[in-house]
Structures are given as structure tokens and as C-alpha cells.
Amino acid sequence: MMPGSLLVRGISELVTNDPSLGDGSALGVLTDAALVVQSGLVAWVGPAADAPEADRMVDAEDGAVVPGFVDSHAHLVFAGDRAGEFAARMAGQPYTAGGIRTTVAATREAPDGRLRLNVALLCDEALHQGTTTIEIKSGYGLTVADEARSLAVASEFTTETTFLGAHTVPSEYAGRADDYVALVCGEMLSAARPHARWVDVFCERGAFDEEQSRAVLKAGQAAGLLPRIHANQLTEGPGVQLAVELDAASADHCTHLSTADVDALAGSSTVATLLPGAEFSTRSPYPDARRLIDAGATVALATDCNPGSSYTSSMPFCIALAVREMRMTPAEALWAATLGGARALRRDDIGHLGIGARADLAVLAGPSYVHLAYRPGVPIVRSVLLNGEPT
Ligand SMILES: [Zn+2]
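What you see is a predicted model, and the numbers here were worked out from it, not measured in a lab.

Calculation rules
Residues numbered from 1 in each chain as written. Predicted model: local features only at pLDDT ≥ 70, side-chain atom pairs only at ≥ 80, totals over all residues. Heavy atoms only, no water. Helix = DSSP H or I, 4+ residues; strand = E, 2+ residues; numbered from the N terminus. Expected span 1.5 Å × (residues − 1). Buried < 20%, exposed > 50% of the residue type's maximum accessible area, 1.4 Å probe, protein only. Arc of directions from axis to C-beta. Contact = heavy atoms within 4.5 Å. Polar contact = N/O pair within 3.5 Å; in protein donor to acceptor, adjacent residues only side chain to side chain. Core = buried A, V, L, I, M, F, W, Y, C linked by side-chain atoms within 4.5 Å.

### Some remarks on helix H6 (residues 210–222)
Compared with the 18 Å implied by 1.5 Å per residue over 13 residues, the 18 Å span of H6 between its first and last C-alpha is a close match. When H6 is considered as a whole, its buried residues turn out to be Gln-212, Ser-213, Val-216, Leu-217, Ala-219 and Gly-220. Buried residues in H6, looked at end-on, bunch into an arc of 160°, giving them a common side. For H6, the exposed residues set more than 90 degrees away from the buried face come down to Glu-211 and Ala-222. Those residues of H6 that are buried lie in contact with strand S8 (161–166), helix H5 (177–192), strand S9 (198–203), strand S10 (226–227), strand S11 (229–231) and helix H7 (239–245). Of the residues flanking the start of H6, the one acting as N-cap is Asp-209, its side-chain oxygen 3.2 Å from the backbone nitrogen of Glu-211. Positive backbone phi, at 100°, marks Gly-224, one or two positions downstream of H6.

Put into C-alpha cells, the structure is as follows:
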């Protein structure tokens, strides 16, 4: 008996993402398995028949168990709703980066309590769909005070907070983008810094160009933040190369890539984070995941949850899209949504269920992880353990 331990039994298929365990594949799959948690960490995994006794028990009821999803890209601090814009887009209008300003206006108007409640509801929604780690960006305040309070709210819910003051140029700075970049790199960064781990920029035609993006990320780095970037979403551009140049943890979107971009990612430790919810919700061509994976790049999947271009918090939905629309195998998609996300956040304690990992896991309402893509749109996550505790 391990004191204070919790045994998860009745696991038809356990995905550990540890190739030294189970079948030796990248997913490290064990069938008819059990797992023991102690002090919030995975203490033991193995065949059900060999499971030690424990103080408490959770029965997976012949469901599969997978590592909790790591959603490494989400914009949860906002107010308002853009359902009308979505309906117009579905009726044929194109998506542009300018729609962000609608949400900026609503967010600036909202009291802290409203922003906090919105984040709480979305985090809860994500958790019940198996997301146990979520990154949260600012980027709908775009003033010194509104970016700082957005990050203060975000940091109540996650340690993975990202300063995205350079999301778009706010309307009061129209035609003066360089002045706005100076604000972002100066006073706004100083106010954001105590609440943020990461710095991000939307490097895109209509948002910030290469020089401005480099300035934002380098200022963030100089202040002790780690870089990540919105790159190559709407057009080919300099974002991916800039990410690799600065050793960014992740280049996110990667929808329009040159051969040089693919080669740069494959030869770097920068993760290519694909956000198929955005292409789904803007009816746009999906990123070429096969090209990235076959070249040897590390690929992550995330939701991009935001009110304009991808209003989903569901990692299982993104897995289903990746498999159906981007030709990732179910195994590749699950890895990308778990350990891939952990790599995109430069974390080695999450995204897998090897010995010593944080005991964050999802119990599925199906006997195999393949059900994540095979049964889209159903409540496929039956229960979740967060830090080893049932939620
Ligand atoms: Zn985004």
C-alpha cells in the first residue's frame, strides 16, 4: 500500500506518451492497464493484474485514459460576442485581422468581474473536455491598463500567461503603428511583465511587419519573457523565420509556409502549432500538417479559442479536424494535442503520463484514443484528473 495514493483501474487502453512504456510506440500504449497517483504525480503504471493497492480508487470503466490536453494557444480574456460576424462570413464575407477591434471595444468597457467570469466559464468548459493546461493571452485591451488587468485576470487561472499587446494596432493609433509599437515595448510591457511568462505578436499583413514584430519580441525577451508568435496565418511572410531566429518556443498557425519555412522549423526547437479551429471557422484552407511532420518538424495542436476566428474550447474537436482535414493519423493528432502542446510551452512535466509526470489525465467514454476523432461532436471525455485529483 502506497500511503495517500489513488489507483486508476479499469483502463482499456492507457496512452502514456512515454516510448519506454507499453508498446514502444511514440504514444507508449498499454492495454488492460492501471495507474497510481501519489502527491499529484504519476507513481506507477503497468498491467492491471500487477496494480498495487491504494487508499482511493477511480474506475475508468473500460475507457481509454490519455494525458490531459495541453492547449497552448487561447485568447480567453475578452468581452462581447461576434456571432453576427461569423454568420456574415459564412454567407461569403472574408476574414480580416481588423475584426479584433470589435472585441477590443467590448473588453475595454467590461469590468474586471465580467472578464474574470468569462475566463472562468471558458476554463471550466475546456477542463470538462479534457484540457488540463491552458495558455491564456491578453490582446483585447491594447492600453497599458487594459493589458495589465487582462493578464492579472489570466494569471488567476494559469501560469502560462502571454502578453499580446501587439495583437493589432488599436484605432486610436491608426496610421501611427510605430508609435504603438513603442508603447508596447515600453510602458505596456513594464505593466504586463509581472503577470506574464510569454510575449507574443501577430506578425501578418494588416497587423505587425517583420521589423515591428522583432522589436516586440526582443523587448519582451530583454524583460525576461519568452517569445512565441502568430505567424503565416493569412499569407506567407517572415513570421516563421523570425520565430526560428529568436528560438521562439512556438510559431502558431503556420498555414502558409514556403519550403524554407518548413526546413527552418524542422531544423529548430521551435514547435509548429496548428490551429485548425481557425481554418474551420473562417472557411479557409488548412495548414499542411503532413508536410511539416514528414519534414521532421514538431507539431502541436491548440484551439486558438477566441470570439472572432475560432470560438471553440474543444481539443477533441481540433483532434478530429486534424485527422479528417489535415491527414494527421489519430496517434499523431493525440500526441500533438498533449506532448506537442507541452513542447510548445517548453514544459516536460505535462503532456505525458510517464513516472514522475503531473497526474493530469482524461478518461474517455470509449475503449480507444481513436474515438477522439472517430466520434466527433460527442461528449467523449467522461472524467478528468487534475494534479491527481478528480475534478
Ligand atoms: Zn491566436
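Additional details are given in the paragraphs that follow.
### So, the nonpolar core
Across soluble globular proteins, you tend to see nonpolar side chains buried next to one another. With 95 residues, the main nonpolar core has Phe-163 and Leu-301 as its most contacted residues. With seven residues, the single largest contributor to this core is H5. What Phe-163 contacts, discounting residues up to four positions off in sequence, is Ser-138, Glu-147, Leu-151, Val-184, Met-188, Leu-189, Ala-192, Ala-196, Trp-198, Val-199, Asp-200 and Leu-225. Membership of the second largest hydrophobic core comes to 20 residues, among which are Leu-14, Ala-33, Val-58 and Val-65.

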